[in-house]
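# Summary of the model geometry
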Amino acid sequence: MNIHKKDIIIIGCGCIGLSAGVILLKTGDYNVKIWAKDLPPNTTSNKAAALWYPFLSEPLDKVGRWSQETMDYFKKEIIPLGVEKTGTLTKKVYELYRTPRAQLPEWSPFVPSFRRMKKEEMLDGYIDGFTVEDGFVMDTDQYMDWLVESFKALGGSIDQREVVDIREPFIYADIVINCSGLGARELIGDRLVYPSRGQIIVVDNTRDISLMDEEDEYQLGYVIPRVHNSVLGGTNQQHNYNLEPSKKDTEEILDRVAKISPQFERKNLKILGEKVGLRPSRYSIRLENEFMQDGRKLLVHNYGHGGSGFTVSWGCALDTLKLVRKGADKLKTSNKSDVPWYSLLNKRRSSSSCSFVND
Ligand SMILES: Cc1cc2nc3c(=O)[nH]c(=O)nc-3n(C[C@H](O)[C@H](O)[C@H](O)COP(=O)(O)OP(=O)(O)OC[C@H]3O[C@@H](n4cnc5c(N)ncnc54)[C@H](O)[C@@H]3O)c2cc1C
Ligand SMILES: N=C(N)NCCCC(=O)C(=O)O
């Protein structure tokens, strides 16, 4: 531990906590430790599809900027490292509608390659849609392992431990980053965070374009081609905590993706497995500073990313760094000595100059 660097503890080892940790460590200004109850592959992040596309997260203007910054970060720092290392590929995505969509998504002005689909691109049965040429998809387990490796290579360390009382990490660090996802519900009592249950099916075929039938934001139909397989989805069941795959959901997902194109009919698919994750949904992503213990401690909140954690992860990590810098400057230095008051008595006897402050 380098004593000239500020110590930071991040609660959470999902894509949000790990991205924040990498950005903080890259500055060279901080010693960063992650404390997390569950580590990859046992996080929600590992259960994600995942592709770059804002979904089930607010506020849409900030989600737009964070998504664009994340796409830039992937293009500059991750895609060039190669798919074998990071499990990430650039993939075009089509968002398909069976009814006309007059409104463009509020986040679209932030994404240069976003446009409405052309007639000649449309799939049978659909009449409208949007596309992003340079989105990315990732094999989430491989990408999460790369994130852990990158965090550790930069000097970060990871302790598997549950935080029951938010004051505990402040014994060891003046700055704590709360990347606890759905866990914020218990950890800090934020009842505005709730689970939106997502189930996916992993199949062996890979395709060249991500296809998402977005007609119904609860009964989802999507096919996301990844490096070694494709993911079919999905569900969006609010306040559902069931982590077991449901046969009924599997059947309904298969029916929905078969409607996207006959090439995804059951007879053409080889199912490799199913995954369930609980999206950390909230009316708005919480990314803000909270001063604790009379302004001597800083808690930076970065949780509630719903269906867009990967899509906004690096944009939120960069804003986390800005919040740490802004908050650290305002921290009151503790007038409470770390040394217990009674140990000053000895000093008092040896030198009359010592003045000692009652705590
Ligand atoms: C089926 C599905 C598909 C998805 N597809 C996509 C997609 O295509 N694109 C996209 O951008 N997003 C997608 N998402 C959403 C994305 O997975 C989430 O937004 C993201 O994983 C949230 O990351 P996180 O790090 O906040 O949470 P998590 O991955 O849940 O990590 C939270 C961490 O905090 C720890 N923790 C919590 N409480 C405590 C505590 N008290 N003490 C210690 N540690 C604690 C946990 O153990 C864990 O390590 C999908 C989600 C699902 C379920
Ligand atoms: N725009 C979308 N439909 N995204 C769906 C892709 C998977 C996902 O984000 C989720 O299931 O949370």
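The rules behind the values
Every chain is numbered on its own, with residues counted from 1 as its sequence reads. By the order in which they are written, chains take letters starting at A while ligands take numbers starting at 1. Local features in this predicted model are restricted to residues whose pLDDT is 70 or higher, and side-chain atom pairs enter the listing and the counts only when it is 80 or higher, whereas totals over whole chains, interfaces and linings include all residues. To obtain the side-chain values, all non-hydrogen atoms of the structure were included, while hydrogens and water were left out. Think of it this way: any DSSP run of H or I at least four residues long counts as a helix, any run of E at least two long counts as a strand, and we number them from the N terminus. For this analysis, residues touch if any pair of their heavy atoms sits within 4.5 Å. Using the Shrake-Rupley algorithm and a 1.4 Å probe, accessible areas are obtained, with residue cover drawn only from the displayed protein chains. Charged-residue counts in this description rest on Lys and Arg as positive and Asp and Glu as negative, His and the chain ends being excluded. Lys charges are placed at NZ, Arg charges at CZ, Asp charges at CG and Glu charges at CD. For every residue, the accessible area obtained with a 1.4 Å probe (protein chains only) is divided by the maximum for its type, and the residue is called buried under 20%, exposed over 50%, and partly exposed between those limits. Paired strands, in this sense, are two strands between which DSSP finds at least two bridges. One heavy atom within 4 Å of a molecule or strand is enough for the residue carrying it to be called near that molecule or strand. Under this definition, polar contacts are N or O atom pairs within 3.5 Å; protein pairs additionally need one hydrogen-donor-capable and one acceptor-capable atom, and for neighbouring residues in sequence, both atoms have to be side-chain atoms. Throughout this entry, Asp, Glu, Lys and Arg are counted as charged residues, while Ala, Val, Leu, Ile, Met, Phe, Trp, Tyr, Cys and Pro are counted as nonpolar. The remaining residues, Gly among them, count as polar. Aromatic rings from Phe, Tyr and Trp, with only the six-membered ring used for Trp, were paired whenever their centres fell within 6.5 Å, and each pair was classed as stacked if the ring planes differed by under 30 degrees, edge-to-face if by over 60, and tilted otherwise.

A few words on the overall build of the chain. Looking only at helices and strands, one finds eight helices and 15 strands in the chain. Judged by the C-alpha coordinates and their principal axes, the chain covers about 90 × 40 × 35 Å. A separation of at least 24 residues holds for 76% of the contacts in the chain among residues at least 6 apart in sequence. When the accessible surface of the chain is totalled, it reaches about 16900 Å², and 51% of it is carbon and sulfur. Averaging the coordinates of the 49 positive side-chain charges in the chain and doing the same for the 49 negative ones gives two points 5 Å apart.

Before going further, it helps to spend a moment on the pairing of strand 3 (residues 88-97). Judged by how many residues are buried, strand 3 sits mostly within the fold: eight of ten residues are covered. Alignment of strand 3 against strand 9 (residues 210-213), held across four bridges, turns out to be parallel. Bridge pairing in strand 9 places Tyr94 opposite Leu211.

Around ligand 2, the structure places Leu51, Tyr53, Phe55, Met212, Glu214, Tyr222, Ile224, Arg279 and Gly307. Within the side chain of Arg279, one N or O atom sits 2.7 Å away from an oxygen atom of ligand 2. Here Gly307 contributes a backbone N or O atom positioned 3.2 Å from an oxygen atom of ligand 2. For ligand 2, the accessible surface in isolation is 340 Å², of which the surrounding protein chains cover 93%. Grouping the constituent residues of the shell around ligand 2 by class yields six nonpolar, one polar and two charged.

Take the packing of aromatic side chains next. Evaluated as defined, the whole model comprises twelve aromatic pairs. Ring geometry for Trp107 against Phe114: centres 5.3 Å apart, planes inclined by 80 degrees, an arrangement best described as edge-to-face. The class of Trp107 is buried, set by a relative accessible area of 4%. The exposure class assigned to Phe114 is buried, which follows from its relative accessible area of 11%. Aromatic ring contacts, followed pair by pair, group Trp52, Tyr53, Tyr97, Trp107, Phe114 and Phe130 into a single cluster.

What follows concerns the site of ligand 1. Neighbouring ligand 1 are 37 residues, the closest being Asp38, Ser45, Leu51, Gly306 and Thr311. Contact distances for ligand 1 include 2.8 Å between an oxygen atom and a backbone N or O atom of Leu51. Interatomic distance of 3.4 Å between a backbone N/O atom of Ser308 and an oxygen atom of ligand 1. Surface burial for ligand 1 is 96%, taken as the share of its 1000 Å² of free accessible area covered by protein chains. When contributions to the shell around ligand 1 are tallied by element, the ones reaching two or more residues are helix 1 (15-26), strand 8 (194-203), strand 13 (271-281) and helix 7 (309-330).

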